[in-house]
Amino acid sequence: MLKHYKPWPEKLKTRYKELGCWEDKTFGQMLSDRASIYGDRTAIVDHQSRVTYKELDKYVNQLASGFQRIGLSREDRVVVQLPNTLDFVVVIFALFRLGAIPVFSLLSHRDSEIRYFCEFSEAKAYIIPGDGYGYDFEQLAKTIQTDVTSVDTIIVADEDGGDFYSLNDLYENETALPDIKADDVAFFQLSGGSTGLPKMIARTHNEYMYSLRMSADVCQLDETSVYLAVLPAAHNYPLSSPGVLGTMYAGGKVVLSSGASPDEAFPLIEQERVTITAIVPPLALIWLEAVPTRHYDLSSLRVLQVGGSKLSAEAAKKVTPVFGCTLQQVYGMAEGLVNYTRLNDSDDVIIQTQGKSMSVYDDIRVVDEEDNEVAQGEIGELLTRGPYTIRGYYKAEEHNEKAFTADGYYRTGDLVRVSEDGYITVIDRVKDQINRAGEKIAAEEVENYLLAHPAVRDVAIVAMPDKWLGEKSCAFVISRDQDLKETDLIAFLRTEGLADYKMPDRIEWMANFPKTAIGKVNKKELRRLIEVKLNEHN
Ligand code: J2J
C-alpha cells in the first residue's frame, strides 16, 4: 500500500462493492475492454492524430513497456504537465497500466508549483511538453532535477528530448505488465485549496471509475457521443465530469483542443460533429457573444456544460436560444461530489440551480457554523461524503482534522441552499479562496509569498467581482516602504516562480487592516471596500 495514503475503511469498501458502485475494474482494464468492444471506432482526436480504441490500447502497452524499461514502476509518482494532446492520454493510461501514479499538474504551473508537487509527492519522474507552449519547460525540468533529489527521470513529449528522454523513443515491444488492483491509488490531483500549500488528492481506480460512470450516465453518453475538451484535461471537470474518461467509458470519441477560444473550438465542433463540451462561465460569455459573428455549423451540439464557478441566471438563459442545445450546469470538486442539472430538467431548474448530486449514495448535509444542520431551504455550508468523495487529503493528517468531520464528511467550504428535491444553489463560500474564471487561488498561498518580500509588513488577498472572469484577486498590502510599487511585487512573485493566474490583479495599499471581533483580518470588510471602490469608478 502506498506510504502516507490512508485507504478507504474496509467496511465502506465492502459496502460500495456490494451496492454495485465499485466494479473492481482498473483504468487499464477499462481501456482493454473498450478496445475489444469498440476497437475500430475513433477514441481520440488531437491537432495532428486520430486513433482508434484498438490503436490506443496498443500504444498504451508499448509506452508502459518503455516506461518500465527506463525504471518506472508501481507506485512511482510521475508529475505530468502536458497540454490537451494524444500524448496526455497515452501517458496517463501507460502509467495506470504500470501502477505508477500520475500527479496531474496544469500547463500554467511554474517553478513554485512543480517543485512543490515533486517534493511533496517524492516524484521519481517529471513529464513535460516540447517547444511551442510559451515557456521553457526544459529549463524548469533541469532545475527541478538538480534540486529535487527524488526526481531522476525527465521525459519530453517531443521527437527530440534534448538532454532528456524523448517520449517518442519509449514506445517499445510490449512486455509483461504488473497486476494492478482497483483499490490502488490511480493518480493524484490538486485541490483548489484555501491553505498555504496545495493539498493532494489521491483517487483509486474504483472510486473514480464510479464517478465517471455515473457522469456518463447522467449525461446520456454512448458510443456515438463526441466530447470536446477545451479546458485542461488534467483538471477533474474535463477529465471526469464526464470529460475525457467518461467519454472513453461510453466508447465515444474524445476531441482534444489546446485552446478554448471560439476560433479554435467552433471549427472543431463543426468538423468533428461534437455533441457535448464543457466550459467555465467566463468562456460561456465569450462563446455566447461569438456565435452570431462566426459562421460555423454548431448543430451537432446537444449539451453545453457550464461549471467550475457560478453561472449567472442571465447568461444561463441565453445558452439554449443561442446554441440551440441543452445547458447543463455542473457543480463539482476534485475532492469528489459532482452535481448536475439533468438534461430533461425544467428550464427553471437548469437556469437557477447548479444541479443535484449524481449518486443516490451521496450524503449531503447543510450546516451552520456550529455544524448543526440548518432548516431545509436555509443557507449553510455543504458537507458531503459518498462512494467517490475522498475521506482525507494525502499526507495531511493535521489539516484533515479540520477539512473533514469525524464521521467522514468533506467540508466543501461552499455556502449553498438545497431544495426539497435535492437541487443545489451555490450562494457564496466560507473558504479563503478566489475563484478566478474557474481557476482556484488559495489566498494564503499567495499571501505567504508576498509576506516573504522584505518591504511587505502584512497582506490580505480577497476576491473582487469582475464582469468577465466572475472574480479577480485583490491584494491589500501594508508596506514598510513608501516607494514600493505594484510592479515590484508582481516582479517578485514572478521570480518566485508562481503561476500567472495567481498574480494579484490589483494591489491596494493600506495603513491598517479592519479586524474582526476576535482580532483577525476582516476579509469580508476588505471585499466590501474593494467592491465600493470598483462601483465608484463605474
Ligand atoms: C459555483 N461554484 C462552483 C458551480 C465548482 C466538475 C465541475 C467543476 C469542478 C471544479 C469539478 C461550481 N457554481 N457550478 O471538479 O468535476 C466551485 C466550488 C467548489 C470548487 C471546486 C468537476 N463548480 N464550483 O470546479 O476542485 O467552490 O472543481 O467547491 O476546481 O469550485 O473546484 P475544483
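Residues numbered from 1 in each chain as written. Predicted model: local features only at pLDDT ≥ 70, side-chain atom pairs only at ≥ 80, totals over all residues. Heavy atoms only, no water.

Asks: Tell me what's going on with the overall build of the protein chain, and back it up with residues and numbers.
Replies: Regarding its fold elements, the protein chain presents 17 helices and 25 strands. The C-alpha radius of gyration of the protein chain comes to 23 Å, within 12% of the 24 Å expected for a compact globule of 538 residues. Taken along the three principal axes of its C-alpha coordinates, the protein chain extends 65 × 55 × 55 Å. The buried share of the protein chain, reckoned over its 538 residues, is 59%. Put simply, 68% of the contacts in the protein chain that link residues at least 6 apart link residues at least 24 apart. Carbon and sulfur atoms make up 46% of the accessible area of the protein chain, which totals about 22500 Å². Separation of charge centres in the protein chain, based on 59 positive and 82 negative side chains, amounts to 3 Å. (Helix = DSSP H or I, 4+ residues; strand = E, 2+ residues; numbered from the N terminus. Rg over C-alpha atoms; globule rule 2.2 N^0.38 Å. Buried < 20%, exposed > 50% of the residue type's maximum accessible area, 1.4 Å probe, protein only. Contact = heavy atoms within 4.5 Å. Areas by Shrake-Rupley, 256 points an atom, 1.4 Å probe, with all protein chains shown as cover. Lys, Arg positive; Asp, Glu negative; His and termini not counted. Charge placed at Lys NZ, Arg CZ, Asp CG, Glu CD.)

Asks: Kindly report on the packing of helix α10 (residues 262-272) against helix α11 (residues 281-290), identifying the contributing residues and their values.
Replies: At their nearest, the axes of α10 and α11 sit 11 Å apart, and the two run at 70° to each other. The orientation of α10 with respect to α11, classified from their angle, is roughly perpendicular. Regarding α10 and α11, the two cross each other, and that crossing is right-handed. Each of Pro 262, Ala 265, Phe 266 and Ile 269 in α10 lies in contact with α11, whose residues at this interface are Ile 286, Trp 287 and Ala 290. A breakdown of the residues in the contact of α10 with α11 according to their chemical character gives seven nonpolar, no polar and no charged. (Axes fitted to C-alpha atoms, helices over the stretch in contact; angles between N-to-C directions. Parallel < 35°, antiparallel > 145°, perpendicular 65-115°, else oblique. Left-handed = near helix turned anticlockwise from the far one by under 90°. Nonpolar A, V, L, I, M, F, W, Y, C, P; charged D, E, K, R; others polar.)

Asks: Quick rundown of the site of the ligand? Include the residues and the values.
Replies: Around the ligand lies a shell of 20 residues, among which Ser 241, Val 330, Ala 334, Asp 414 and Lys 431 are the nearest. Take Ser 241: an N or O atom from its side chain is 2.7 Å from an oxygen atom of the ligand. Backbone polar atom of Val 330 to a nitrogen atom of the ligand: 2.8 Å apart, as the coordinates give it. Expressed as a share of its isolated accessible area of 620 Å², the protein-covered part of the ligand is 96%. When residues in the shell around the ligand are grouped by element, the largest group, four residues, is from strand β14 (residues 326-333). Residue classes in the shell around the ligand are distributed as seven nonpolar, nine polar and four charged. (Near = heavy atom within 4 Å. Polar contact = N/O pair within 3.5 Å; in protein donor to acceptor, adjacent residues only side chain to side chain.)

Asks: Let's hear about the side chain of Asn 206: which residues, and what values?
Replies: Within the fold, Asn 206 resides in helix α7 (residues 205-218). The exposure class assigned to Asn 206 is buried, which follows from its relative accessible area of 1%. In this view, Asn 206 contacts Lys 17, Trp 22, Glu 23, Asp 24, Lys 25, Ala 182 and Asp 183; residues no more than four positions away in its chain are not counted.

Asks: Give a detailed account of the pairing of strand β6 (residues 153-157), specifying residues and quantitative values.
Replies: When a strand is regular, its side chains alternate between the sheet's two faces. Among the five residues in β6, five count as buried, and that is most of the element. Across the two faces of β6 the burial is the same, with Thr 153, Ile 155 and Ala 157 and Ile 154 and Val 156 all buried. Two strands pair when backbone bridges link them, and strand β5 (residues 125-129) and β6 are joined in this way by five bridges, in the parallel orientation. Paired with Ile 127 across the two strands is Ile 155, which belongs to β6. Crossover connection from β5 via helix α6 (residues 137-147) to parallel β6: handedness right-handed. Here β6 runs beside strand β7 (residues 165-166); their pairing, made up of two bridges, is parallel. Bridged to Val 156 within β7 is Ser 166. (Pairing = 2+ DSSP bridges. Right-handed = clockwise from strand over helix to strand, strands pointing away.)

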